[in-house]
Amino acid sequence: MSGTSTSRPYQAEGPRVGIRHLTYDDADEFIARAAESKDLHRPWLFPPDSPEAYAGYARALIEDPARESFLVCEPAEGGGIAGFININNIVRGGFLSGALGYGAFAHAAGRGLMSEGLALVLRYAFGPLGLHRLEANIQPLNTASLALVRRAGFRLEGFSPAMIRIDGAWRDHERWAITKEMTRDR
């Protein structure tokens, strides 16, 4: 399964991945990758798994100016989608902040592609987007997600009980964050 990266330029590229904005045309591949990845994602994440769900998901990400959505793609593999990273709740003004949401697809998990993709998203967020701070709220038992933000240089800032409603229940989350200055120090 591969995308058509030649018609969708990357916002940034690394040695193995490129990041580009999600489009409506990504529905078939995204849905197929999400279906292949249900065992990996549950109980942490529930990406869209039907054309209707994807259409609503994409519309919210594409049309909301307080969101930026990136697909982590593998140019050497025809531009196939390895995962996604969204910056949600972008606040401008004195705050210049956003909240991350992300997920790897099963075929890409454990290969370091999301680490490379997250590094590219951080550069884009703290560069062209002009943000100062990004947060990631992670369920305490989601070890893969915690490892990803640790590798990227995020710091643990706190614990929030019953913070986000996921799969019908309010879930506890650890709050991790990184600032533009922290990325310069790395």
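The rules behind the values
Sequence order as written defines the numbering, with residues in each chain counted from 1. Totals for whole chains, interfaces and linings use all residues, but because this is a predicted model, local features are given only for residues with pLDDT of at least 70 and pairs of side-chain atoms are given and counted only at 80 or more. In computing side-chain properties, one takes all heavy atoms of the structure into account and sets aside hydrogens as well as water. The way it works is that DSSP assigns letters per residue, a run of H or I at least four long becomes a helix, a run of E at least two long becomes a strand, and they are numbered from the N terminus. Buried residues are those whose accessible area, probed at 1.4 Å on protein chains only, stays under 20% of the maximum for their type, while exposed residues exceed 50% and partly exposed ones sit between those limits. Any two residues whose heavy atoms approach within 4.5 Å at even a single point are treated as in contact. Accessibility throughout is a Shrake-Rupley quantity obtained with a 1.4 Å probe, and a residue counts as covered only by protein chains that appear here. In this charge count, Lys and Arg are treated as positive and Asp and Glu as negative; neither His nor the chain ends contribute. All charge positions are set by atom: Lys at NZ, Arg at CZ, Asp at CG, Glu at CD. Geometry of aromatic contacts follows a simple scheme: Phe, Tyr and Trp rings, the Trp one being its six-membered ring, pair when their centres are within 6.5 Å, and the pair is stacked under 30 degrees between planes, edge-to-face over 60, tilted otherwise. What makes a nonpolar core is a set of buried Ala, Val, Leu, Ile, Met, Phe, Trp, Tyr and Cys residues whose side-chain atoms join them at distances within 4.5 Å. The definitions used throughout rest on a 1 Å grid laid over the protein atoms alone, on which a cavity is an enclosed set of points accommodating a 1.4 Å probe that cannot get out and a pocket is an open set flanked by protein within 12 Å on both sides along at least five of seven lines; lining residues are those having an atom within 4 Å of a point. Grid points are joined across faces, edges and corners, and a volume is the space filled by probe spheres set on the points. Classification used: nonpolar for Ala, Val, Leu, Ile, Met, Phe, Trp, Tyr, Cys and Pro, charged for Asp, Glu, Lys and Arg, polar for all others including Gly. Strands are treated as partners if at least two bridges between them are detected by DSSP. Axis definition: a line fitted to C-alpha atoms, limited for helices to the stretch in contact. Angles are taken between N-to-C directions and run from 0 to 180 degrees. Any Lys or Arg side-chain nitrogen located within 4 Å of an Asp or Glu carboxyl oxygen qualifies as a salt bridge.

(A) Molecular detail of the overall build of the protein chain. A count of helices and strands for the protein chain gives six helices and eight strands. In the protein chain, which comprises 186 residues, the share counted as buried stands at 47%. For the protein chain, contacts bridging at least 24 residues in sequence account for 61% of all contacts bridging at least 6. In the form shown here, the protein chain has an accessible surface area of approximately 9000 Å², with 53% of it arising from carbon and sulfur atoms. Of the charged side chains in the protein chain, 21 are positive and 22 negative, and the gap between their average positions amounts to 5 Å.

(B) Up close: the packing of aromatic side chains. In the structure shown here, the tally under the stated rule is seven aromatic pairs. When the centroid spacing of 5.3 Å and the interplanar angle of 90 degrees are considered together, the rings of Phe30 and Phe105 count as edge-to-face. Taken together, the residues span a long stretch of sequence, with Phe30 in helix α1 (residues 27-36) and Phe105 in the loop between β5 (97-104) and α4 (113-126) at a distance of 75 residues. Note on Phe105: relative accessible area 0%, which makes it buried. These aromatic residues form a ring-pair network of at least three members: Phe30, Tyr54, Tyr57, Phe84 and Phe105.

(C) Region of interest: the nonpolar core. In this structure, Ile87, Leu100, Tyr102, Leu134 and Phe154 are the most contacted members of the largest nonpolar core, which totals 35 residues. Going through the elements one at a time, β3 (68-74), β4 (80-91), β5, α4, β6 (133-138), α5 (143-152) and β8 (169-179) are the ones with two or more residues in this core. Apart from residues lying up to four places away in sequence, Ile87 is in contact with Ala66, Arg67, Glu68, Phe70, Gly98, Ala99, Leu100, Val121, Ala125, Leu129, Leu131 and Leu134. By size, the runner-up hydrophobic cluster in this structure holds 13 residues, among which are Ala34, Tyr54, Ala58 and Ile81.

(D) Spatial organisation of the layout of surface pockets. In this model, the largest pocket occupies a volume close to 1100 Å³. If you go around the largest pocket, you meet 42 residues; those closest to its centre are Trp44, Leu45, Gly101, Tyr102 and Gly103. For the lining of the largest pocket, the residue count by class is 24 nonpolar, 14 polar and four charged.

(E) Seen up close, the sheet that holds β6. One open sheet holds the eight strands; their spatial order is β1-β2-β3-β4-β5-β6-β8-β7, and the pairing between them is mixed. Both outer strands of the open sheet, β1 (12-13) and β7 (155-166), are each paired with one neighbouring strand and no more. Relative to β8, β7 runs antiparallel, the two sharing eight bridges. Bridge pairing in β8 links Ile164 to Arg171. Sitting on the sheet, α1 touches β3 and β4, and the angle it makes with β4 is about 100 degrees. Along the sheet, α4 contacts β1, β2 (18-21), β3, β4, β5, β6 and β8; its crossing angle with β4, the most-contacted strand, is approximately 35 degrees.

(F) Molecular detail of the pattern of salt bridges. For the structure shown, the criterion picks out nine salt bridges. Across the pair Arg20 and Asp26 runs a salt bridge, and its minimum N-O distance is 2.7 Å. Each member of the pair, Arg20 as well as Asp26, is classed as buried. Two residues, Glu36 and Arg33, come together in a salt bridge whose shortest N-O distance is 3.1 Å. Pair noted here: Glu36 and Arg33 are both in helix α1, with a separation of three residues, about one helical turn. With a relative accessible area of 9%, Arg33 lands in the buried category. Within this structure, Arg133, Glu135, Arg155 and Glu157 form a network of salt bridges that share partners.

Purely spatial values, then, with no claim about function.
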